[in-house]
Every structure is written in C-alpha cells, then in structure tokens.
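Chain and residue survey
Single-letter residue listing:
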Amino acid sequence: MSIEPYPDWLRPPVGGYTADDLDRLPDLPPHTELLDGSLIFVSPQTRFHMRTLRRLEQALEAAVPDGWEVCREMGVKLNRRNRPEPDLMVVDERGDTGPRQTFSVVEDVLLAVEVVSEESQDRDRQVKPRKYAAAGIAHFWRIESDDEGRPIVHVYELDPATGTYGLTGIHHKQLKLERPFPVDIDLT
C-alpha cells in the first residue's frame, strides 16, 4: 500500500506564509485562514453556526446603507502575515475589484462578525478581535450560543485613543443598534 505524500504547502516557508500566498497555494481546503504566517484550517460548522450566519446575513443585507455590501466567509487582508476570514463583514462597495476577488483590504471593512464555535473559541474571542482592532476595523460583533442554542451578540466599537475594542452591549433577545448603521434583529 502506497502512502500519499503530504502536499508541499504543509511545510511552511521560513518566516511563514504571506496573505498573498493563500491565492497561490494549490488545493488548500476551503476557508483556510492565515494568522501570524500560519495556515488555519476550519472545522466543519455546527447547525447553530449555519443558522446564525444565515439569519444575520439576511438581516444585515436588509439594513446596510447604499454603498456597502455584506460578505460571507471571505478573507480580509489585515497585513502581510494575517488574512483571517470573518464569518460576515460589511465592506465598502468601492473596494470591489471584480468576480475573482478573494479578499477585502482592511480599509474597506466597517464591521467584522465572528460566530464562535467550540474549536475557534480562543481565535474568535481573543486573537481575531485583537488583530481586527489593531488593523483599525471600527466595529466587531462576537456571537455566542446560550444554553438553549440562541445567539447572544457581543457588540464592540474601536476606541481610537487606545486602538482596542470597547464593549458597547450584550444582546440576548434583540439586537437593536444605531451604529455603525441602524439595525433591528430579532435574536429569538
């Protein structure tokens, strides 16, 4: 019995991968992210994750002002060594470079949203918010599941004085906000 060799990209180059490498590496699994030059492979998602994303995407599509677009599971190039893939983003439509575009640049992102999964807790609660804030993304939402499988939305806004996120609210049954644009979402 012959054993298939591992693909060459499993061995990172000295110094790690770059954000641009994600578009050149052959046969990467879908939704591969890059954090600090390391490839991150996403586990299969839960029903909670899928349902929450669908509901939020539909609600955001209905709420975003003209000139903005909701992107689902698309990368954002934060810098040379970081290209995470938020579950949802609200991006400036002027950053659309065409149908082959695989990521947005950080300057075009108004809001990043992460739905926390068991395997992504540390990344979604600590690593990604810190990187999004450092890159200047003004708004961040983290969605967790309560004990009964309902979403809880933690809303953050960038504090320009510190360059970190400040918690502006935790929403259990309804997400009603005026910033970054008016939105009213039934979370039940």
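Residues numbered from 1 in each chain as written. Predicted model: local features only at pLDDT ≥ 70, side-chain atom pairs only at ≥ 80, totals over all residues. Heavy atoms only, no water.

This paragraph deals with the side chain of Ser117. Inspection of the secondary structure assignment puts Ser117 in the loop between strand E7 (109-115) and helix H2 (121-135). Sequence-distant contacts of Ser117, defined by excluding residues within four places in its chain, comprise Gln45, His49 and Asp124. (Helix = DSSP H or I, 4+ residues; strand = E, 2+ residues; numbered from the N terminus. Contact = heavy atoms within 4.5 Å.)

Ranked by internal contacts, the top residues of the largest apolar core, which has 23 residues, are Trp141, Ile143 and Leu175. Among the elements that line this core, the one with the most residues is helix H1 (residues 47-63), at five residues. Sequence-distant contacts of Trp141, defined by excluding residues within four places in its chain, comprise Leu60, Leu111, Ala112, Val113, Glu114, Val153, His154, Val155, Leu175, Leu177 and Val183. Counting residues in each nonpolar core, the second largest holds 15 residues, with Val76, Leu78, Val109 and Tyr132 among its members. (Core = buried A, V, L, I, M, F, W, Y, C linked by side-chain atoms within 4.5 Å. Buried < 20%, exposed > 50% of the residue type's maximum accessible area, 1.4 Å probe, protein only.)

The next thing to look at is a negative patch on the surface. Taken together, the side chains of Glu61, Asp66, Glu69, Glu93 and Asp96 define an acidic patch exposed on the protein surface. When you line up the elements, Glu61 lands in helix H1. (Patch = residues over 30% accessible without salt bridge, like charges linked within 9 Å, V, L, I, M, F, W, Y side chains within 5 Å. Areas by Shrake-Rupley, 256 points an atom, 1.4 Å probe, with all protein chains shown as cover. Salt bridge = Lys/Arg side-chain N within 4 Å of Asp/Glu carboxyl O. Lys, Arg positive; Asp, Glu negative; His and termini not counted. Charge placed at Lys NZ, Arg CZ, Asp CG, Glu CD.)

This part takes up the sheet that holds E7. The mixed open sheet is built from six strands, whose spatial order is E3-E5-E7-E8-E9-E10. Edge positions in the sheet fall to strand E3 (68-72) and strand E10 (164-171), since each has one partner strand and no second. Strand-to-strand, the axes of this sheet are offset by a mean angle of 20°, without reference to chain direction. Inspection of the sheet shows strand E5 (residues 88-92) paired to E7 by four bridges, in the antiparallel sense. (Pairing = 2+ DSSP bridges. Axes fitted to C-alpha atoms, helices over the stretch in contact; angles between N-to-C directions.)

When the terminal C-alpha atoms of H2 are compared, their 21 Å separation across 15 residues agrees well with the 21 Å that a helix rising 1.5 Å per residue should span. When the local axis directions of H2 are compared, the greatest deviation, roughly 35°, occurs at Lys128, which is followed within four positions by the proline Pro129. Among the residues making up H2, those that are buried are Arg123, Asp124, Lys128, Pro129, Lys131, Tyr132 and Ala133. A positive phi of about 100° marks Gly136, the residue just after H2. (Expected span 1.5 Å × (residues − 1). Bend = angle between axes of the 7 residues up to and from the residue.)

Moving on to the packing of aromatic side chains. Across all of its chains, the model carries four aromatic pairs by this definition. Seen in terms of ring centroids, Phe140 and Tyr165 are 5.7 Å apart; in terms of plane orientation they differ by 20°. Their pairing is stacked. With a gap of 25 residues between them, Phe140 in strand E8 (residues 139-145) and Tyr165 in strand E10 connect regions that are remote in the sequence. Just as Phe140 is buried, Tyr165 falls in that class too. With centroids separated by 6.3 Å and ring planes inclined at 55°, the aromatic side chains of Tyr156 and Tyr165 adopt a geometry described as tilted. Using a relative accessible area of 15% as the deciding quantity, one classes Tyr156 as buried. Residue class for Tyr165 comes out buried when judged on its relative accessible area of 15%. (Phe/Tyr/Trp six-rings, centres within 6.5 Å; stacked < 30°, edge-to-face > 60°.)

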